[in-house]
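# Per-entry structural report
Spelled out from the first residue to the last, the chains are:
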There are 2 protein chains.
Amino acid sequence: MPHPPLKNKSSALFVERRSRRWHTDGMTAIQGARERARREVTAAIKSEARDRIAAEGAAQLSLRAVSRNLGMASSALYRYFPSRDDLLTALIIDAYNALGEAAEGPLVSGDPPESPAERWLAVCLSVREWALDHPHEFALIHGTPVPGYAAPQETGGPGTRVPFALIAVTLDAHRSGALGPVPGGPPPPAVLAEAAALAAEHAPGLPAPSMAAVTAAWAQLTGLVAFEVFGQYTHVIEESRAEFFAYTVRRMAAGIGLP
Amino acid sequence: MPHPPLKNKSSALFVERRSRRWHTDGMTAIQGARERARREVTAAIKSEARDRIAAEGAAQLSLRAVSRNLGMASSALYRYFPSRDDLLTALIIDAYNALGEAAEGPLVSGDPPESPAERWLAVCLSVREWALDHPHEFALIHGTPVPGYAAPQETGGPGTRVPFALIAVTLDAHRSGALGPVPGGPPPPAVLAEAAALAAEHAPGLPAPSMAAVTAAWAQLTGLVAFEVFGQYTHVIEESRAEFFAYTVRRMAAGIGLP
DNA sequence: CACAAAGGAGAGCGCTGCTCACTCATTCCG
DNA sequence: CGGAATGAGTGAGCAGCGCTCTCCTTTGTG
């Protein structure tokens, strides 16, 4: 992968295009064919890039190949994404949102599971299913950080949807008085303090030990899914992966105090 | 990253060099200056490549840069590694071995911790410490699979040293009669069967539920470490990461039945 | 209608992985 | 011992890459 400078150059979250000011008079909302075309081309680029990533992996993603398949000059692509890394960043944000939406699915669907532990399991199963269905996009967000490191910031919001889904299940159980204590005794003081601050900001009312346990479970869940997606469980768990995952995730729920 | 074909071309684990047959007569073990030089140059290439990976990440690793820093023509490098991916594979194997050695450290050192749970903690702490000290090499083995996918096979042996260290702790506890049951009831039958087969092959005598729990813990541990190394815990856990890790790993040990 | 802005095209720079003669030193063997 | 085979190293060169620049066409606006 050449792109020699790569110093996170144009990281001002894509080209600054001041949105066309919205006339307050009777002008219709058509907004011109140009804006529409821009949105469509942007979507086409991302879609083609996703296809190519699914075919060859993110490391092999090439702007020239994308532009070729789209029938446009490679230089035209830079009107939409100022660098290869910015395109990747956009795809990462999309992937975060897609995974987050999948995780939230069981919580907003018509018939959410009744017990907290079952809701927890449903969220984790959704995460696993999405990751197995979109391995390269999962790799984009939970594999090696691909832009030079320190990609986050812009990805901050979408990247928190999965842990917030896990927190929502736990907080819900707590509010209904069903959340038990975290087995095995309280965390050390430093952890307790930081978990309490975290809970105060993001999950008001949640006991600090539960918050710490959920935070750990988030990473553990991701590790479990990554092992499946990245093939680390090849020749280890083969036939019973789904049951193994559900069993492990249930034990994690118990380790948090979810009934 | 161009390397356009990349079809895992020369994956016959590097250049086939029939080892100089070992004369059974009184020939000394010097083996000629050539072999020695070859080993030294190979090591220098890998060392320089490791340096460059530590400086810029594996994605930016370039054979030409390595050869430049070594003062040799880029084409000469292909006498040692037939492709960039093969060099990366060699580095991956080395990283697996280094991590495995770190993990085994507490078990072979002069004064191993006494209780199984403390040995478990010591192994996990060693893994974490190595990963934080060698983030790019950790990314090489637990980030996005970098050669075209399906890298394993050659990495099979070295890649199992960490889980085997975890198994060793658990098996040792079991043999001394100290291993408790896995809390939360037995796994479903399919998991039980596969875990039993796994235990029969790699940890004779270990109860299948314990085997399943250790297998899960391996992935969970890796996820926990990866979150720290890859910056996923930024703005989540900051001050108390070490305590948080130790606390979580202790809870995992309890979840396996280690006293 | 005139003009500015946006989108697109093509050439070109420096980099990359990799191949191909070709040289030179070392090693093997009759 | 001396010719032959082998291995290491070189430099040129190919095609692909990210990215920039200049130029031209299309589109929307006052």
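On a predicted model such as this, the values are computed, not experimentally measured, just so you know.

On to the overall build of chain A, then. When helices and strands are tallied, chain A shows ten helices and zero strands. Walking chain A from its N terminus toward its C terminus, one meets helices and strands in the order α-α-α-α-α-α-α-α-α-α. A burial count over chain A gives 47% of its 259 residues as buried. Pairs at least 24 residues apart make up 74% of the contacts formed inside chain A by residues separated by at least 6 positions. Element-wise, carbon and sulfur atoms account for 56% of the exposed surface of chain A, whose accessible area totals about 12,300 Å².

Below, the discussion takes up the interface of chain A and chain B. In this assembly, 53 residues from chain A lie in contact with 54 residues from chain B. Taken together, the two surfaces of chain A and chain B that pack against each other cover about 4,500 Å², and 62% of this comes from carbon and sulfur. Remark: the boundary between chain A and chain B carries zero salt bridges. Applying the counting rule to chain A against chain B returns 15 residue pairs in polar contact (both at pLDDT 80 or more). Tallying contributions element by element places helix H9 (residues 208-229) of chain A first for the side of chain A that touches chain B, with eleven residues.

Attention now moves to the packing of aromatic side chains. Residues and elements named next belong to chain A. Under the counting rule described, the total for this entry stands at ten aromatic pairs over all chains. An angle of 90° between the planes, with centres 5.7 Å apart, marks the rings of Tyr233 and Phe244 as edge-to-face. On the criterion of sequence distance, the pair formed by Tyr233 in the loop between H9 and helix H10 (241-256) and Phe244 in helix H10 is long-range, its members being eleven residues apart. Accessibility classification places Tyr233 together with Phe244 in one group, the buried group.

It is worth spelling out the side chain of Ser126 of chain A at this point. Residue and element names in this part refer to chain A. Structurally, the position occupied by Ser126 is in helix H5 (residues 116-133). By relative accessible area, Ser126 is classed as buried at 15%. Beyond its immediate chain neighbours, meaning those up to four positions away, Ser126 contacts Ala102, Ala103 and Pro106.

When charged atoms on two side chains of opposite charge get close, those side chains can pair. All names here are of chain A. For the structure shown, the criterion picks out 16 salt bridges over all chains. One salt bridge connects Asp94 with Arg50, and the closest N-O pair in it is separated by 3.5 Å. Residue Asp94 is located in helix H4 (residues 84-108), and its partner Arg50 is located in helix H1 (residues 32-56); the two are separated by 44 residues in the primary sequence. Accessibility expressed as a relative area gives 26% for Arg50, which makes it partly exposed. Between Glu118 and Arg250 there is a salt bridge, and its shortest N-O distance comes to 2.7 Å.

Confidence along chain A averages 87 in pLDDT terms, with 84% of residues attaining 70 or more. Within the model, the stretch residues 1-13 of chain A combines pLDDT values under 50 with 25 contacts to residues more than four positions away or in other chains.

So, on to the relation of the copies chain A and chain B. Superposing the two chain copies requires a rotation about an axis and a translation along that axis. For the pair chain A and chain B, the relating rotation is 180°, the translation along its axis is 0.0 Å, and the fit reaches an RMSD of 0.1 Å. In the structure described here, the two chain copies are related by an operation that fits a two-fold rotation axis. Here 100% of the interface residues in chain A have copies in chain B that are interface residues too; the copies meet face to matching face.

All names here are of chain A. Positive phi, normally seen in glycine, also occurs at His235, with a value near 65°. On the secondary structure map, His235 appears in the loop between H9 and H10. A relative accessible area of 65% means that His235 is categorised as exposed.

The next point concerns helix H2 (residues 63-70) of chain A. All names here are of chain A. Those residues of H2 not exposed but buried are Leu63, Ala65, Val66 and Ser67. Structurally, H2 contributes buried residues whose contacts are with H1, helix H3 (74-77) and H4. Just downstream of H2 lies Gly71, where phi reads positive at about 70°.

On to the nonpolar core, then. Counting residues in hydrophobic clusters, the biggest one holds 148 residues, and the most contacted among them are Trp120, Tyr233 and Leu258 of chain A together with Trp120 and Tyr233 of chain B. Ignoring anything within four residues of it in the chain, the contact list for Leu258 of chain A reads Pro116, Ala117, Trp120, Val169, Thr170, Ala173, Leu179 and Ala253 of chain A.

Take H4 of chain A next. An α-helix turns once per 3.6 residues; consequently, residues spaced three or four apart project the same way. Residues and elements named next belong to chain A. Here H4 spans 35 Å end to end across 25 residues, near enough to the 36 Å set by a 1.5 Å rise per residue. Along H4, the sharpest kink reaches roughly 25°, centred on Ala102 and followed within four residues by the proline Pro106. For H4, the N-terminal capping position is held by Ser83, with its side-chain oxygen 3.2 Å away from the main-chain nitrogen of Asp85.

Looking now at the packing of H4 of chain A against helix H6 (residues 135-142) of chain A. Residues and elements named next belong to chain A. Two numbers describe how H4 lies on H6: the axes approach to 9 Å, and their chain directions differ by 105°. The angle between H4 and H6 places the two elements in the roughly perpendicular class. Of the residues in H6, those in contact with Leu88, Leu91, Ile92, Ala95, Tyr96 and Leu99 of H4 are Glu137, Leu140, Ile141 and His142. In terms of residue class, the contact of H4 with H6 is made up of eight nonpolar, one polar and one charged.

A word on the environment of Pro187 of chain B. Relative to the elements of secondary structure, Pro187 of chain B occurs in the loop between helix H6 (161-175) and helix H7 (189-202). Accessibility expressed as a relative area gives 6% for Pro187 of chain B, which makes it buried. In contact with Pro187 of chain B, other than residues within four places in its own chain, are Tyr247 of chain A together with Leu192 and Pro209 of chain B.

Turning next to the packing of H1 of chain A against H4 of chain A. All names here are of chain A. The N-to-C vectors of H1 and H4 enclose an angle of 85°; their axes lie 11 Å apart at closest approach. On the basis of their axis angle, the class for H1 and H4 is roughly perpendicular. Here Ile45, Lys46, Ala49, Arg50 and Ile53 of H1 lie close against H4, whose contacting residues are Leu87, Leu88, Ala90, Leu91 and Asp94.

By secondary structure assignment, the location of Tyr96 of chain A is in helix H4. Since its relative accessible area comes to 11%, Tyr96 of chain A is described here as buried. As a C-alpha pair, Tyr96 of chain A and Glu137 of chain A span 41 residues in sequence and 8.7 Å in three-dimensional space. At 2.9 Å, the side chain of Tyr96 of chain A and the side chain of Gln232 of chain B are in polar contact.

Scoring rules and cut-offs
Residue positions within a chain follow its written sequence, with the count starting from 1. A letter from A marks each chain and a number from 1 marks each ligand, given out in the order of writing. Thresholds applied to this predicted model are a pLDDT of at least 70 for local features of residues and 80 or more for the giving and counting of side-chain atom pairs; totals over whole chains, interfaces and linings are not thresholded and use all residues. Side-chain numbers here rest on the full set of heavy atoms in the structure, without hydrogens or water. Helix numbering and strand numbering both begin at the N terminus, where a helix is a DSSP run of H or I of at least 4 residues and a strand a DSSP run of E of at least 2. Note on classification: 1.4 Å probe, protein chains only; a residue is buried when its accessible area is under 20% of the maximum for its type, exposed when over 50%, partly exposed between these limits. In what follows, residue pairs with any heavy atoms lying within 4.5 Å of each other are defined as contacts. We get accessible surface area from the Shrake-Rupley algorithm with a probe of 1.4 Å; when it comes to residues, only the shown protein chains can shield them. What gets called buried area is simply the loss in accessible area from a 1.4 Å probe that two parts show on being joined, summed for both. In what follows, salt bridge is the name for a side-chain nitrogen of Lys or Arg lying within 4 Å of a carboxyl oxygen of Asp or Glu. The term polar contact refers here to a pair of N or O atoms within 3.5 Å; inside protein, the definition further demands a hydrogen-donor-capable atom paired with an acceptor-capable atom, and it admits residues adjacent in sequence only when both atoms are side-chain atoms. Under the pairing criterion, centres of Phe, Tyr and Trp rings, with the six-membered ring standing for Trp, must be within 6.5 Å; the plane angle then separates stacked pairs below 30 degrees from edge-to-face pairs above 60, leaving the rest tilted. Along the chain, pLDDT gives the predictor's confidence residue by residue, from 0 to 100. The fit set for superposing copies consists of C-alpha atoms from residues with pLDDT of at least 70 in both; the fit itself is least squares. For this analysis, a nonpolar core means a set of buried residues of the types Ala, Val, Leu, Ile, Met, Phe, Trp, Tyr and Cys, connected via side-chain atoms within 4.5 Å. To estimate how far a helix should reach, multiply one less than its number of residues by 1.5 Å. By definition, a residue's bend is the angle between the axes fitted to the seven residues ending there and the seven starting there. Comment: axis = line fitted to C-alpha atoms, over the contacting stretch for helices; angle = value between 0 and 180 degrees taken between N-to-C directions. Each angle is binned into one of four classes, with values under 35 degrees roughly parallel, values over 145 roughly antiparallel, values of 65 to 115 roughly perpendicular, and all other values oblique. Each residue receives one of three labels: charged for Asp, Glu, Lys and Arg, nonpolar for Ala, Val, Leu, Ile, Met, Phe, Trp, Tyr, Cys and Pro, and polar for the others, Gly being one of them.

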